[in-house]
Amino acid sequence: MKKVFEKIVEGVLACSGFVTSLTIVLIVLFLFSEALGLFGGKVIEEGYVLALNKANRVKGLTPAQIKDVFDEEITNWDEVGGEDLPIRLFRLEDITKYYTEEQLGSAYENAGVCITELVEHTPGIIAFVPAQFIVHPDSVHLLKDNTISVKDVFAGSEWFPTATPAPQFGFLPLITGTLWVSLFAILMALPFGLAVAIYMSEVANSGIRNLMKPVIELLSGIPSVVYGFFGLIVIVPFIQKTFDLPVGESGLAGSIVLAIMALPTIITVTEDALRNCPRAMREASLALGASQWQTIYKVVIPYSISGITSGVVLGIGRAVGETMAVLMVTGNAAVIPHTILEPLRTIPATIAAELGEAPAGGSHYEALFLLGVVLFFISLLINFTVEAVSARRK
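Residues numbered from 1 in each chain as written. Predicted model: local features only at pLDDT ≥ 70, side-chain atom pairs only at ≥ 80, totals over all residues. Heavy atoms only, no water.

J.: Go over the domain arrangement of the protein, please, and point to the residues and values.
T.: One can read the domain layout of the protein as domain 1 (1-40), domain 2 (48-146) and domain 3 (171-392). Here the C-alpha centre of domain 3 lies 29 Å away from the C-alpha centre of domain 1. Contacts between the two partners involve nine residues from domain 1, matched on the other side by ten residues from domain 3. Buried surface at the junction of domain 1 and domain 3, summed over both partners, amounts to about 880 Å²; 83% is from carbon and sulfur atoms. On the domain 1 side of the interface with domain 3, the three residues burying the most area are L31, E34 and L38, jointly 52% of the side's total. (Domains from an automatic or database assignment. Contact = heavy atoms within 4.5 Å. Buried area = accessible area lost by both parts, 1.4 Å probe.)

Dropping the structure here:
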């Protein structure tokens, strides 16, 4: 009977492990399946075309160039390889500037003919209109609509997914913002967390340790939005006043909040790892004439490096994946930061802020899932790097 029970327990445990592994694989496959459709999408908004005059020799424009043209930062066709001719923008709502209601018809039934005629007779025009309003495609020059490229996504410097006529899906500002905030958060949290863990494990008496440990573990249970409110009310004004900034929401504010949030994890895991060092090793070191601090540095920390590494990985994971607190204190600006005092935006904050507004199945929706894939690989890379360093030290 005992062996049968053991077999049942063994089967339940094996089944649990299999189900957990399968769930993780399915989540990753779901992310990829939703994300990779982005590279099959078109640059120009679905159902619309960019129509030029037949004489215009410009064959194609990049998404960045299209945005600059419609933002009027590019005003002449010679800036994009065309003739020396001013660019004239036309959107559907501009049609009443060129034609009367009588010409367009009571139900705008003549709008297509009018728009096509306007493009035919205006040399420098670029018209962003629904495809059905170009009634004679052969009489105009339709700009080639390319698919969204990997280069435009991963090397793009602008994130503007709602731009028309060509949304911008540049990941560079979001990736740099995530890494920037996480790096400074760990640089602040790791030394302090390691120092507190060493004090609790090796220096503090049992009374102080028993008082500090529950308090530190309690910090990890505080909701992230509470940390965000604390950062918004205390840290942000302090940074703004200290550095004389126009706004205090910045990467530094996000790094400080994340460092505070990562501390309980780093301290708890590291302290447990240090206490697992055998007492015989400490006594042997002291018996050979080493001081307490030499024993900590030469014996306890090297022995516990694997556990310390685990604490670092968990702390970095908390920093990289944090959403709400970062969204509240970093300024939420999708620009490439040049200093830690500038506003920025992270990948998790972008996904949280925009997923509810993105049309399901659209390019914006797929881009957000691709950001999730990027975040997954960042975490995976951090884990592999720390494991490699830990194995080398061992």
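There's plenty left to go through after this.
J.: Break down unusual backbone geometry for me, citing the residues and quoting the values.
T.: Looking along the chain, the bond that leaves T164 and enters P165 is cis, with omega of 5°. Its location among the elements puts P165 in the loop between β5 (159-160) and β6 (168-169). The phi torsion at D244 lies on the positive side, around 55°, for a residue other than glycine. For D244, the location among the structural elements is in the loop between α8 (224-242) and α9 (251-275). (Helix = DSSP H or I, 4+ residues; strand = E, 2+ residues; numbered from the N terminus.)

J.: Talk me through the sheet that holds strand β2 (residues 88-91); I want residue IDs and the actual numbers.
T.: Pairing in this open sheet of four strands is mixed, and the strands run β2-β3-β1-β4 from one edge to the other. For this open sheet the edge positions go to β2 and β4 (141-142), each flanked by a neighbour on one side alone. Pairing between β2 and strand β3 (residues 125-130): four bridges, direction parallel. Paired with R88 across the two strands is I125, which belongs to β3. Its contacts with the sheet put helix α4 (residues 111-121) on β1 (48-52), β2 and β3, and the angle it makes with β3 is roughly 160°. (Pairing = 2+ DSSP bridges. Axes fitted to C-alpha atoms, helices over the stretch in contact; angles between N-to-C directions.)

J.: Residues and numbers for the packing of helix α6 (residues 172-203) against helix α7 (residues 206-219), please.
T.: Two elements in contact, α6 and α7, have axes separated by 9 Å at closest approach and are oriented at 140°. Taken as a pair, α6 and α7 cross one another with a handedness that is left-handed. In contact with V196, Y199 and M200 of α6, α7 contributes I208, R209, M212, K213 and I216. (Left-handed = near helix turned anticlockwise from the far one by under 90°.)

J.: Describe the packing of α7 against α9, and please don't skip the residues or the numbers.
T.: Packing of α7 against α9 leaves a shortest axis separation of 8 Å and a crossing angle of 140°. By the criterion of interaxial angle, the relationship of α7 to α9 is oblique. Where α7 crosses over α9, the two elements pack in a sense that is left-handed. Between α7, through R209, K213, I216, E217 and L219, and α9, the contact on the second element is made entirely by P264, I267, T268, E271, D272 and R275. Counted by class, the contact of α7 with α9 contains four nonpolar, one polar and six charged residues. (Parallel < 35°, antiparallel > 145°, perpendicular 65-115°, else oblique. Nonpolar A, V, L, I, M, F, W, Y, C, P; charged D, E, K, R; others polar.)

J.: I'd like a rundown of the pattern of salt bridges, residues and numbers included.
T.: In the structure shown here, the tally under the stated rule is eleven salt bridges. Of the charged contacts, one joins D94 and K97 as a salt bridge, the two residues approaching to 3.6 Å between their closest N and O atoms. Each member of the salt-bridge network shares a partner with another, and the members are R209, K213, E217, E271, D272 and R275. (Salt bridge = Lys/Arg side-chain N within 4 Å of Asp/Glu carboxyl O.)

J.: Give me the nonpolar core: which residues, what numbers.
T.: Counting 45 residues, the largest nonpolar core has I126 and W159 as its most contacted members. Mapped onto this core, the elements with two or more residues apiece are α1 (2-35), β1, α2 (63-70), β3, α6, α12 (305-321) and α15 (363-393). With eleven residues, α15 is the largest single contributor of residues to this core. (Core = buried A, V, L, I, M, F, W, Y, C linked by side-chain atoms within 4.5 Å. Buried < 20%, exposed > 50% of the residue type's maximum accessible area, 1.4 Å probe, protein only.)

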